[in-house]
Amino acid sequence: MPSNPKYSGLQTDLYELTMAAGYLETGFDARATFELFVRSLPPRRNYLVAAGLDQALDFLENVRFSNKEIAYLRKQPVFARIGGDFFQYLAQFRFSGDVWAMPEGAVFFPGEPILRVTAPIVEAQIVETFLLAAINFQTMIACKAARVTQAAAGRPVIEFGTRRAHGMESGVLAARAAVIGGCQGTSNVAAGHQFGIPIYGTQAHSWIMAHEDEEEAFRRFLNIFPDHAVLLVDTYDVRAAVEKIISMGRKPRGVRLDSGDLSADSAWARQRLDQAGWKDVIVFASGDLDEDRISSLLADGAKIDGFGVGTALVTSNDSPTLGVIYKLVEIEIGGEVRSAAKFSAAKVTYPGRKQVYRFSHPDGMFANDVIGLLDEDFPGTETLLEQVMIDGKRSVTRTDLDAARERCLQQRARLPEPVRSLNGEAAPYPVWHSERLEGLLEKVRRRVRHAAHI
């Protein structure tokens, strides 16, 4: 079978494969449930935004091991004592499990399962690494985008960061996640093509510098792109450049500021463009922007109609790690179901298949969440996880990014005002475990202690 690197089963950690081989070699036949969640909020974050589900489901539907990949594994010393049945299993490998997940764009909090997998334990183990990577990265970027777009206070934000991303694949996926978090579009053409994201961008400083005369550079660009030209005016002198454009009598779509005193220059440019009767010409800003600088610019009276945000967005520079984890919560062997939990200090996990129940105030604002067991009932609440895969096949359509973006913006608006704060110092949003779930945890604790003779 030919290899497709995008869906290769080798996109996993070695210990997933050694455990898989161990389960098969010892005849450990079980159906397992794992839940993926974030243990704690990263610095300066009061909430998180779910993203990356489509890529996770794509992988689950298509993951395979090619003959070459299996031959490679056979040569690894760690598998020297493993029989042929394991490698034959890999040759026929398909994911056949069920998946529940939060829709992309949903706002969530630590401890709440974002995704739940129920499958034969070998399958659930092999796919762990990819699921963590897919959800972790895009969720981190979507959360950063939600902060940046909140700072922009309704002004459009365009993702500009591919050139500063950690590789091209990261750049494409960051553009996708940024839209989920509220951005209007991206400069990344591949992301536009792959995901239907609006693409933006016109010229760089090199276009201006390649021409002997700045005015000629503007004129030629306007001749070619009369309806889309956003002219870069900070190559030499912002005010002189704006005056040249006005004197030409050639109204562009907008002007862009990429350096200097963005507050003062944008205010001056807006006033001068208005004086020329060009009130519909936008003033766009870019250049090392993030939510803090955008907030400061607007507070200082900057007259900016839209922002391009790059490095800070695609690297989540102020908080570049998230720490999504994937833990076993239930196992079924021979028809007997056993709940599973972890009890090590500071890393306790709760057992059982769970649902997240969200309570709201009468005015629609979110009040608190309860993490409970799947079969619990809390009247008047919203449930956050839905089934997205049955027997290894999608049971939902692909994510509509516009709908995911709107979900994020609407749910963000329903958070308590302190939780929406950008300073990260708000009291935590209330999230509780249900009484039944707490009871199950204690029951599992007693069972484990008894089995260990503690």
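Conventions we followed
Residues numbered from 1 in each chain as written. Predicted model: local features only at pLDDT ≥ 70, side-chain atom pairs only at ≥ 80, totals over all residues. Heavy atoms only, no water. Helix = DSSP H or I, 4+ residues; strand = E, 2+ residues; numbered from the N terminus. Buried < 20%, exposed > 50% of the residue type's maximum accessible area, 1.4 Å probe, protein only. Contact = heavy atoms within 4.5 Å. Areas by Shrake-Rupley, 256 points an atom, 1.4 Å probe, with all protein chains shown as cover. Lys, Arg positive; Asp, Glu negative; His and termini not counted. Charge placed at Lys NZ, Arg CZ, Asp CG, Glu CD. Pairing = 2+ DSSP bridges. Right-handed = clockwise from strand over helix to strand, strands pointing away. Axes fitted to C-alpha atoms, helices over the stretch in contact; angles between N-to-C directions. Parallel < 35°, antiparallel > 145°, perpendicular 65-115°, else oblique. Left-handed = near helix turned anticlockwise from the far one by under 90°. Nonpolar A, V, L, I, M, F, W, Y, C, P; charged D, E, K, R; others polar. Salt bridge = Lys/Arg side-chain N within 4 Å of Asp/Glu carboxyl O. Patch = residues over 30% accessible without salt bridge, like charges linked within 9 Å, V, L, I, M, F, W, Y side chains within 5 Å. Expected span 1.5 Å × (residues − 1).

K.L.:
Would you explain the overall build of the chain in this entry?
P.N.:
The helix and strand inventory of the chain stands at 17 helices and 19 strands. For the chain, with 454 residues in total, the buried portion stands at 51%. The contacts in the chain between residues at least 6 apart in sequence include a share of 75% that link residues at least 24 apart. If you sum the accessible surface of the chain, you get close to 20,600 Å²; carbon and sulfur atoms cover 52% of it. Of note, the chain has its 52 positive side-chain charges centred 2 Å away from the centre of its 57 negative side-chain charges.

K.L.:
Help me understand the pairing of strand β10 (residues 282–285), please; the structure alone is not making it clear to me.
P.N.:
The two faces of a sheet get side chains in turn, since along a regular strand they alternate between them. The pairing of strand β9 (residues 254–257) with β10 spans 4 bridges and is classified as parallel. Looking at β10, one finds that Val-255 is bridged to Val-283. Handedness of the crossover is the feature at issue here: the chain leaves β9, passes through helix α12 (residues 262–275), returns alongside β10, and the resulting connection is right-handed. As judged from the 2 bridges shared by β10 and strand β11 (residues 306–309), these two strands associate in the parallel manner. Counted as the bridge partner of Ala-285 is Phe-307 from β11. As a crossover connection, the stretch from β10 through helix α13 (residues 291–299) into β11 is right-handed.

K.L.:
Explain the sheet that holds strand β15 (residues 366–373) here, please?
P.N.:
In any sheet, the strands associate via hydrogen bonds between backbone groups, in a parallel or an antiparallel arrangement. The mixed open sheet is built from 4 strands, whose spatial order is β16-β14-β15-β19. Looking at which strands have only one partner, the edges of the open sheet turn out to be β16 (382–383) and β19 (431–433). Bridging between strand β14 (residues 354–360) and β16 involves 2 bridges; their strand directions are antiparallel. Bridge assignment links Tyr-357 to a residue of β16, and that residue is Thr-383. Most of the contacts of helix α17 (residues 435–451) go to β15, to which it runs at about 40°, and overall it touches β14, β15 and β19.

K.L.:
Before we go on, may I ask you to explain the packing of helix α3 (residues 67–74) against helix α4 (residues 84–91) in this structure?
P.N.:
The description of two helices packed together rests on the angle between their axes and the distance between the axes. Put simply, α3 and α4 touch, their axes get as near as 10 Å, and they point 155° apart. Classed by the angle they form, the pair α3 and α4 counts as roughly antiparallel. The interaxial crossing formed by α3 with α4 has right-handed handedness. Contact residues: α3 offers Ile-70, Leu-73 and Arg-74, while α4 offers Phe-87, Leu-90 and Ala-91. When the residues that make up the contact of α3 with α4 are grouped by side-chain class, the tally is 5 nonpolar, no polar and 1 charged.

K.L.:
Looking at this model, I keep getting lost on the pattern of salt bridges. Mind explaining?
P.N.:
Pairing of side chains with opposite charge becomes possible as their charged atoms draw close. The final tally for this structure, using the stated rule, is 29 salt bridges. With its nearest N and O atoms 2.8 Å apart, the salt bridge here joins Arg-44 to Asp-318. Here Arg-44, found in the loop between β1 (31–38) and β2 (48–49), pairs with Asp-318, found in the loop between α14 (311–314) and β12 (324–333); they are 274 residues apart in sequence, far enough to count as distant. Between Glu-442 and Arg-445 there is a salt bridge, and its shortest N-O distance comes to 3.4 Å.

K.L.:
Please clarify how the environment of Arg-405 should be interpreted in this entry.
P.N.:
If you trace the backbone, Arg-405 turns up in helix α15 (residues 401–413). Separated by 284 residues in the primary sequence, Arg-405 and Ile-121 place their C-alpha atoms 34 Å from one another. Look past the residues within four positions of Arg-405 in its chain and what remains in contact with it is Val-179, Ile-180, Gly-182, Cys-183 and Gln-184.

K.L.:
Would you take a moment to explain the pairing of β14 for this structure?
P.N.:
Of all 7 residues in β14, 5 are buried, a share of seventy percent or more. Pairing geometry for β14 and β15, over 7 bridges, is antiparallel. Across the sheet, residue Val-356 finds its bridge partner in β15, namely Ile-371. Hairpin geometry of β14 and β15 is characterised by an intervening segment of 5 residues between the two adjacent antiparallel strands and by a positive phi of about 95° at Gly-364.

K.L.:
Explain unusual backbone geometry to me, please; I cannot follow it from the model alone.
P.N.:
For residues besides glycine, phi is generally negative; the peptide bonds are generally trans as well. Of note in the backbone geometry, Arg-44 takes a positive phi value of approximately 70° without being a glycine. Classification of Arg-44 as partly exposed rests on a relative accessible area of 26%.

K.L.:
Just checking my understanding: could you explain a positive patch on the surface for this structure?
P.N.:
A cluster of basic side chains, namely Arg-338, Lys-443, Arg-446 and Arg-447, defines a positive patch on the protein surface. For Arg-446, the location among the structural elements is in helix α17.

K.L.:
In this structure, what is going on with helix α6 (residues 128–151)? I would like to understand it.
P.N.:
Since there are 3.6 residues in each turn of an α-helix, residues three or four apart along the chain are aligned in direction. The first and last C-alpha atoms of α6 sit 35 Å apart over 24 residues, in line with the 34 Å expected at 1.5 Å per residue. Here α6 lies mainly inside the structure; 21 of its 24 residues are buried.

K.L.:
Help me understand α12 in this model?
P.N.:
Compared with an ideal rise of 1.5 Å per residue, which puts 14 residues at 20 Å, α12 spans 20 Å between its outermost C-alpha atoms and is within 8% of the ideal. Here α12 has its buried residues at Leu-262, Ser-263, Asp-265, Ser-266, Trp-268, Ala-269, Arg-270, Arg-272 and Leu-273. Summarising the contacts, the buried residues of α12 are in contact with α11 (238–248), β9, β10 and α13. Immediately beyond the C-terminal end of α12, within one or two residues, lies Gly-277, with a positive phi of roughly 85°.

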